[in-house]
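# Understanding the architecture of this molecule
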Protein chains: 2
Amino acid sequence: MSEARVLTDPDVIDSYARDRTFVEPGKPLGVVLAASRDDVVTTLRWATEHRVPVVPRGAGTGLAGGAIAGDGSIVLSLARMTAIKELSPVDEIAVVEPGVITADLDRAAREHGLMYAPDPSSYEISTIGGNLATNAGGLRCVKYGVTRDSALGLEVVLADGRIMNTGRRTMKGVTGYDLTGLFVGSEGTLGVITSATVRLRRAPVAPPATFAAEFGSLREAGAAVTAIMAAGCQPSLMELLDRATLEAIDDWRNIGLEAGTMAMLIGQSDATDAQAMAERMERLCMENGASFVAVSSSPQETEELIGLRRLAYQAKERQGACLVEDVCVPRSVLPEMITHIEAAAVRHGVRIATVAHAGDGNLHPVFIFDHGTVEPPPEVWAAADEVFTRALELGGTLTGEHGVGLLKQRWLALESGPVATEVQRGIKAVFDPLGLLNPGKAI
Amino acid sequence: MSEARVLTDPDVIDSYARDRTFVEPGKPLGVVLAASRDDVVTTLRWATEHRVPVVPRGAGTGLAGGAIAGDGSIVLSLARMTAIKELSPVDEIAVVEPGVITADLDRAAREHGLMYAPDPSSYEISTIGGNLATNAGGLRCVKYGVTRDSALGLEVVLADGRIMNTGRRTMKGVTGYDLTGLFVGSEGTLGVITSATVRLRRAPVAPPATFAAEFGSLREAGAAVTAIMAAGCQPSLMELLDRATLEAIDDWRNIGLEAGTMAMLIGQSDATDAQAMAERMERLCMENGASFVAVSSSPQETEELIGLRRLAYQAKERQGACLVEDVCVPRSVLPEMITHIEAAAVRHGVRIATVAHAGDGNLHPVFIFDHGTVEPPPEVWAAADEVFTRALELGGTLTGEHGVGLLKQRWLALESGPVATEVQRGIKAVFDPLGLLNPGKAI
């Protein structure tokens, strides 16, 4: 490991043992900053030989505790492996190391008229490797899919140091089991990704057109979402902000929130006929009861409208410590789910503000509690428990795009059932029989 | 198994032991025509108890030998489980039994302005279960993806009769490992799919517009494909026919093939501005040397142009027995791959006619040999071997959409490598420790 750096300062180690959750890590033995695949191989061989757990890590922007490191483990950071090894405009693929910042790859692709589609909110600071480990989503996935839909092939190092290639460089292929898909979303529990072949897509040529619409009820906003999707408008993003979120933004930036506004829908089209499509979505919002709609294809006004959405988290963080949650339901029950969330907030005396990737039915209820509280208080967990249970009852899932990590372990069996749970443990044992890779995560 | 029928007549059994390949099956013990999930459970429990191999089967339209049944096995046909159990226009999903004919689901969806996108050439006779087992592709996947991209969740019965649910009803979700993806393309070696939740998509509202272009060289046709994709035209299908294919069609239907025509490109747009998009693709063909281009959005003319493509296989079957192959390469090397195929044909004295899903880089070289020959002669295998090797050398894969089945077993290790091979065997053992499910296929 001539190139790798090993960090042993306890304070530095501690900073590498955390992610964006409140979870207190243990005390890892050290941090390896890998500079190459060989460093990863060496680290994993050593860990296997000495039976030491390894917690792989990208930029630590996760929201589910997937990168929290425990006592006596080694943190294996891939953040220094930042090479874009290949970018083929003709084949529309890139081959990248795991530490490449997501937005950097997107920018590199745009120089060739392409884009890297997955855009988790963290994409200016998160890594491709972390995105793959969590199967990250984002705003654009309503049109372009999640990280899985852009992953073609991987190079991974298994727990014992063996190198395995999965997938391919081609758009299609069915040789053997889909090991690429198995690794995406596995939170570093099956192996460490050291290279990824990802699919790029043509970047839109026209400037996008954006709309924002205000509704007097969640039901109307939900009906507008349904109408927009049913009309085949193909929004490139469509975000729903509930009243609590709008109030948080209004408290901060004074957006002139009307008393009767219960929800706002912000959408965008990046199609060749973006302006016409945005106007069509505007009409559908009006037909479904929107009281105010703005549409624009000017870059500045678009930025202002989307900016409202971007302010959401920061506005909430001003109000208190935040537990950012992540459930996904069938699109038809999105308003019902938000109503349940609001009821849970009232019942448990908890503040919850919800933003949703509405086109996907993916909701982020943010539980806001007192600044300075180390961990969410019991009433927050009680409300969260109710939210998860409701999501499952409505045919939904515990996590749309953030992952299971540590935080969702206690609800996991509710969704997976005993057979799938046993099978997943069996699969884990095939890759990592000693259970050294990111123990306690994902499954 | 009150509802299931068990067939024991040797001739009938034999007809259920075959697929669309030339491979001679063994002598199975019998055929179970399952009518329900319970029938599948009962069959698999019995098979486990008696250590009898089970070969699951849809419509038997496979081209890789994936449904060929061996001596002493039970054929488990899912073809009678044909219920569309749910079709939700708002959530754009359907829940179907595995025996539903692919085109039937597509037609049911179109009654609600939706479509089921995957369209393997066999889609009027193949089943959803079979499509899932092989991760079937088709003409439309250049725009809408393969079967995997439409599969959200599965109900499967494992070899020992346990029932497992995978995936979800939502558009996104990352709870646990991606078992849905693992089953798609696994050729019935991990379990038997008894229900599938699939994604539907909005059906195009405007009639599609179609073009056909003739080129004097493969290089020019390939350049046109590259230009069309690079311009972001998003064809809903784009098929390349080589000279040998065109000759086979011309011999049969006299399409007035010019002496200098070496390739034909047939493409379609189903966008809202389909006609303009098809004209744009026409211009790109002309700029890249096309000698003749036809464009139309009339349903009848569209049907005629696409009809040429549809005639390809039948035209070849008139010329001899056919081994339909399936490799996929990065799009940029598509012309080079076809040139290699033509050289292999000359070198081995074999007739090969190639059709390609050009937008995906997915080629179907059809090896044509004497009618009445039971199995492809050695020179066909020698040429096929060269084609596979070349495809891998060019960064491609052994199979884009037909699967490994029995036919590609001997080349599999070339692509998968020893570690992935071992890992896949380990995964197989987790699901099917006795090795009873479709032995010898997929991995």
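Residues numbered from 1 in each chain as written. Chains lettered and ligands numbered in written order. Predicted model: local features only at pLDDT ≥ 70, side-chain atom pairs only at ≥ 80, totals over all residues. Heavy atoms only, no water.

Quick reminder of the rule: UniProt positions are given in the numbering used here, feature names are shortened, and annotations may be inferred rather than shown by experiment.
For chain A, the name recorded in an unreviewed UniProt entry is FAD-linked oxidase C-terminal domain-containing protein, with Nonomuraea rosea as its organism. In the Cofactor (unreviewed entry) part of its UniProt record, chain A is described as follows: "FAD".

## Here we look at the overall build of chain A
Test applied: Only DSSP runs of H or I covering at least 4 residues are called helices, and only runs of E covering at least 2 are called strands; the numbering of each starts at the N terminus. Both definitions apply: the radius of gyration is a C-alpha atom measure, and the globule rule equals 2.2 Å times residues to the power 0.38. Buried, partly exposed and exposed residues are distinguished by accessible area as a fraction of the type maximum, computed with a 1.4 Å probe on protein chains only: under 20%, between the cut-offs, and over 50%, respectively. A contact between two residues is defined here by any heavy atoms of the two lying within 4.5 Å. Residue-level accessible areas treat just the shown protein chains as cover; the underlying method is Shrake-Rupley with a 1.4 Å probe. Residues scored as positive are Lys and Arg, those scored as negative are Asp and Glu, and His as well as the terminal groups of each chain are ignored. By convention, the point assigned to a charge is CZ for Arg, NZ for Lys, CD for Glu and CG for Asp.
A count of helical and extended segments in chain A gives 13 helices and 19 strands. Taking 443 residues into account, the globule formula puts the C-alpha radius of gyration at 22 Å, and chain A, at 22 Å, falls close to it. Reported as C-alpha extents along the three principal axes, the dimensions of chain A are approximately 65 × 55 × 40 Å. For chain A, with 443 residues in total, the buried portion stands at 63%. A separation threshold of at least 6 residues defines the contact pool for chain A, and within that pool the share at least 24 residues apart is 73%. Surface exposure of chain A reaches about 15,700 Å², of which carbon and sulfur atoms provide 50%. Charge centroids of chain A, computed over 40 positive and 56 negative side chains, lie 4 Å from each other.

## Focus: the nonpolar core
To be explicit about the condition: By nonpolar core is meant a set of buried Ala, Val, Leu, Ile, Met, Phe, Trp, Tyr and Cys residues that side-chain atoms within 4.5 Å join together.
One finds Met164(A), Ile427(A), Phe431(A), Met164(B), Ile427(B) and Phe431(B) to be the most contacted residues of the largest nonpolar core, which totals 60 residues. Judged by nonpolar contacts, the second largest core, of 55 residues, contains Val23(B), Ala290(B), Val327(B) and Val350(B).

## Some thoughts on the sheet that holds strand E6 (residues 93–96) of chain A
Residues and elements named next belong to chain A. Which entries qualify depends on this criterion: Should DSSP find at least two bridges between two strands, the strands are taken to pair. All axes here are fitted lines through C-alpha atoms, helices being fitted over the stretch that makes contact, and every angle between N-to-C directions spans 0 to 180 degrees.
With antiparallel pairing, 5 strands are arranged side by side in an open sheet as E5-E6-E10-E8-E9. Looking at which strands have only one partner, the edges of the open sheet turn out to be strand E5 (84–88) and strand E9 (163–167). Averaged over all adjacent pairs, the angle separating strand axes in this sheet is 10°, with direction ignored. In this sheet, E6 lies alongside E5 in antiparallel orientation, the contact comprising 4 bridges. Its bridge partner being in E6, Glu86 is matched across the sheet by Val95. Together, strand E8 (151–157), E9 and strand E10 (192–199) form the strand contacts of helix H2 (residues 37–50), whose direction differs from that of E8 by roughly 50°.

## A short note on unusual backbone geometry
Here the phi dihedral of Glu92(A) falls at roughly 55°; this positive angle occurs in a residue that is not glycine. What makes Glu92(A) buried here is its relative accessible area of 7%. Within the chain, Asn438(B) stands out as a residue other than glycine whose phi angle is a positive 40°. Mapped onto the fold, Asn438(B) is located in the segment after helix H13 (409–431).

## As for the domain arrangement of chain A
All names here are of chain A. The test is simple: Throughout the structure description, domain borders are defined by an automatic or database domain assignment. Accessible-area loss on putting two parts together, using a 1.4 Å probe and summing over both, is the definition of buried area adopted here. A pair is scored as a salt bridge if a Lys or Arg side-chain nitrogen falls within 4 Å of a carboxyl oxygen belonging to Asp or Glu. Pairing of N or O atoms within 3.5 Å defines a polar contact, subject to two protein rules: one partner must be a possible hydrogen donor and the other a possible acceptor, and residues neighboring in sequence count only if both atoms are side-chain atoms. For this scheme, ten residues count as nonpolar: Ala, Val, Leu, Ile, Met, Phe, Trp, Tyr, Cys and Pro. Four count as charged, namely Asp, Glu, Lys and Arg, and the remainder, Gly too, count as polar.
For chain A, the assigned domains are domain 1 (5–77), domain 2 (84–202), domain 3 (205–311) and domain 4 (320–413). Computed from C-alpha atoms alone, the centre-to-centre distance between domain 3 and domain 4 is 23 Å. Each partner contributes residues to the interface: domain 3 has 14 residues there, and domain 4 has 14 residues. When the buried area of domain 3 at its contact with domain 4 is split by residue, Leu218, Leu240 and Asp242 rank highest and sum to 38% of it. The interface formed by domain 3 and domain 4 holds 0 salt bridges in total. At the junction of domain 3 and domain 4, the tally comes to 5 residue pairs in polar contact (both at pLDDT 80 or more). For the side of domain 3 that touches domain 4, the elements supplying multiple residues, two or more each, are helix H7 (218–230), strand E13 (237–242) and helix H8 (243–253). Split by residue class, the side of domain 3 that touches domain 4 holds 8 nonpolar, 2 polar and 4 charged.

## With respect to the pattern of salt bridges
All told, the structure shown has 48 salt bridges over all chains when counted by the stated rule. Between Arg107(B) and Glu124(B) there is a salt bridge whose closest N-O contact spans 3.0 Å. With Arg107(B) in helix H3 (residues 102–110) and Glu124(B) in the loop between strand E7 (114–115) and helix H4 (128–134), the pair connects residues that are 17 residues apart, well separated along the chain. It is possible to trace a salt-bridge network through shared partners that takes in Asp106(A), Arg110(A), Asp119(A) and Arg140(A).

## Quick word on the interface of chain A and chain B
At the junction of the two partners, chain A supplies 73 residues and chain B supplies 74 residues. Both sides of the chain A and chain B interface together cover about 5,600 Å² of buried area, and 61% of this is carbon and sulfur. Of all residues in chain A, Lys172(A), Val174(A) and Tyr177(A) bury the most surface against chain B, accounting for 17% of the area lost on that side. Our count for the chain A to chain B interface comes out at 8 salt bridges. Viewed at the interface, chain B and chain A are joined by 26 residue pairs in polar contact (both at pLDDT 80 or more).

## Examining the sheet that holds strand E3 (residues 54–57) of chain B
Residues and elements named next belong to chain B. The 4 strands lie next to each other as E1-E2-E4-E3, forming an open sheet whose pairing is mixed. With partners counted over all chains shown, the strands left at the sheet margins are strand E1 (5–7) and E3, one partner each. Neighbouring strand axes in the sheet, compared pairwise and without regard to direction, differ in orientation by 20° on average. Pairing of strand E2 (residues 30–33) with strand E4 (residues 74–77) involves 4 bridges; the strand directions are parallel. When the bridges of E4 are listed, Val31 appears paired with Val75. Relative to the sheet, helix H2 (residues 37–50) contacts E2, E3 and E4, its axis offset from that of E4 by approximately 165°.

## A closer look at empty space enclosed by the protein
To be explicit about the condition: Site definitions follow a grid-based scheme: protein atoms alone, a 1 Å grid, a 1.4 Å probe that fits but cannot get out for cavities, and for pockets an open set with protein on both sides within 12 Å along at least five of seven lines, plus lining residues having an atom within 4 Å of a point. Grid points are joined across faces, edges and corners, and a volume is the space filled by probe spheres set on the points.
Per the counting criterion, the structure on display carries 4 cavities of 30 Å³ or more. In this model, the largest cavity occupies a volume close to 50 Å³. Forming the walls of the largest cavity are Leu412(A), Ser416(A), Thr421(A), Gln424(A), Ala442(A), Ile443(A) and Gly176(B). Considering only residue class, the lining of the largest cavity consists of 3 nonpolar, 4 polar and no charged.

## Considering the UniProt feature "domain: FAD-binding PCMH-type" (unreviewed entry) in chain A
According to UniProt, the feature "domain: FAD-binding PCMH-type" (unreviewed entry) maps to residues 24–203 of chain A in the numbering used here. A distance of 41 Å separates the end C-alpha atoms of residues 24–203 of chain A, which is 22% helix and 25% strand.

## Some points on the side chain of Glu401(B)
Tracing the backbone shows Glu401(B) in the loop between helix H12 (378–393) and H13. The buried category is assigned to Glu401(B), whose relative accessible area is 7%. In this structure the side chain of Glu401(B) is engaged in a polar contact, spanning 2.7 Å, whose partner is the side chain of Lys172(A). A polar contact of 2.9 Å, which involves the side chain of Glu401(B), links it to the side chain of His357(B). Residues within four places of Glu401(B) in sequence aside, it is in contact with Lys172(A), Val174(A), Thr134(B), Asn135(B), Ala136(B), Gly137(B), Gly138(B), Cys141(B), Asp326(B), His357(B), Asn362(B) and His364(B).

## A closer look at the relation of the copies chain A and chain B
Test applied: The copies were overlaid with a least-squares fit restricted to C-alpha atoms from residues scoring a pLDDT of at least 70 in each copy.
Least-squares fitting of chain A to chain B yields an RMSD of 0.0 Å, with the superposition described by an axial translation of 0.0 Å and a rotation of 180°. Taken together, these values place the two copies in the relation of a two-fold axis. Taken together, the interface assignments show that 100% of the residues at the interface of chain A recur at the interface of chain B, consistent with an identical surface on both copies.

## Observations concerning the packing of aromatic side chains
Formally: Put simply, two rings from Phe, Tyr or Trp (the six-membered ring, in Trp's case) pair if the centres are within 6.5 Å, and we call them stacked under 30 degrees between planes, edge-to-face over 60, tilted for the rest. Comment: the charge-over-ring label is applied if NZ (Lys) or CZ (Arg) is within 6 Å of the ring centre and within 35 degrees of the ring normal.
Per the stated rule, a full pass over the model turns up 8 aromatic pairs over all chains. A ring pair is formed by Trp381(A) and Trp411(A), whose centres lie 6.0 Å apart and whose planes are at 35°; its orientation type is tilted. Of the two residues, Trp381(A) sits in helix H12 (residues 378–393) while Trp411(A) sits in helix H13 (residues 409–431), which places them 30 residues apart along the sequence. Trp381(A) sits in the buried class, given a relative accessible area of 11%. Sitting over the ring of Trp252(A), Arg253(A) keeps its end group 4.2 Å from the ring centre. Of note, Arg410(B) hangs over the ring of Trp381(B), and the distance from its end group to the ring centre comes to 4.6 Å.

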